[in-house]
Amino acid sequence: MTAAIARYRWLALVSYFALFICVVTWQFGTSHSEQSALFRALFYVLPLLFPMYGIAKGKPYTHAWANFILMWYFLHSLTMLYIAPEQRLWALTELVLTTLAFAGCTLYARHQGRALGLGLKKLKDEKN
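A quick note: this is a predicted structure, and the numbers were derived from the prediction, not measured. (Residues numbered from 1 in each chain as written. Predicted model: local features only at pLDDT ≥ 70, side-chain atom pairs only at ≥ 80, totals over all residues. Heavy atoms only, no water.)

Caption draft 1: Summary view of the side chain of histidine 63. Locating histidine 63 in the fold gives a position in helix H4 (residues 60-83). Here histidine 63 falls in the buried class, since its relative accessible area comes to 0%. Excluding residues that lie within four positions of it along the chain, histidine 63 makes contacts with Arg9, Ala12, Gly54, Ile55, Gly58, Cys105, Tyr108 and Ala109. (Helix = DSSP H or I, 4+ residues; strand = E, 2+ residues; numbered from the N terminus. Buried < 20%, exposed > 50% of the residue type's maximum accessible area, 1.4 Å probe, protein only. Contact = heavy atoms within 4.5 Å.)

Caption draft 2: Structural detail: the packing of helix H1 (residues 3-29) against helix H2 (residues 37-49). Here H1 crosses H2 at 175 degrees, and the two axes come no closer than 10 Å. In terms of orientation, H1 lies roughly antiparallel with respect to H2. Of the residues in H2, those touching H1 at Tyr16, Leu19, Phe20, Val23, Val24, Gln27 and Phe28 are Ala37, Arg40, Ala41, Tyr44, Val45, Pro47, Leu48 and Leu49. Its residues placed into classes, the contact of H1 with H2 shows 13 nonpolar, one polar and one charged. (Axes fitted to C-alpha atoms, helices over the stretch in contact; angles between N-to-C directions. Parallel < 35°, antiparallel > 145°, perpendicular 65-115°, else oblique. Nonpolar A, V, L, I, M, F, W, Y, C, P; charged D, E, K, R; others polar.)

Caption draft 3: Broad picture of the packing of H1 against H4. H4 packs onto H1 with a crossing angle of 45 degrees between their chain directions and a minimal axis gap of 12 Å. Taken together, H1 and H4 sit at an angle that is classed as oblique. Once H1 is placed against H4, the crossing between them reads as left-handed. Across from Arg9, Ala12, Tyr16, Leu19, Val23, Trp26 and Gln27 in H1, the residues of H4 making contact are His63, Leu70, Tyr73, His76 and Met80. Among the residues forming the contact of H1 with H4, the class breakdown is eight nonpolar, three polar and one charged. (Left-handed = near helix turned anticlockwise from the far one by under 90°.)

Taken by themselves, the reported measurements are silent on function.
Structural data, given as structure tokens:
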């Protein structure tokens, strides 16, 4: 693993796990929500658990599809920035961590996938 790929992996790991801690703390450490704890666990925490094992193991494919899950948190943070002024610090933290995790996961998946030869193969024109 090159130094650049190691930095991308570090960025993805740190920001993803920091996002997880932020979401858990926000949803269960503050008393801002009228929603049940089960709803908050299923809706906010569970999606982050799906790719966690693959990200911890450094699997490029998992880093790539984790970005789909990260987009939910990106949209959530933008929405909360707009509608909940009292929670702007939490929403801004979520936005920054999600953006960093997205960048780290994207760069790691791209470069590590190429290093491992996992890229999509281009279709070649077949001559008859």
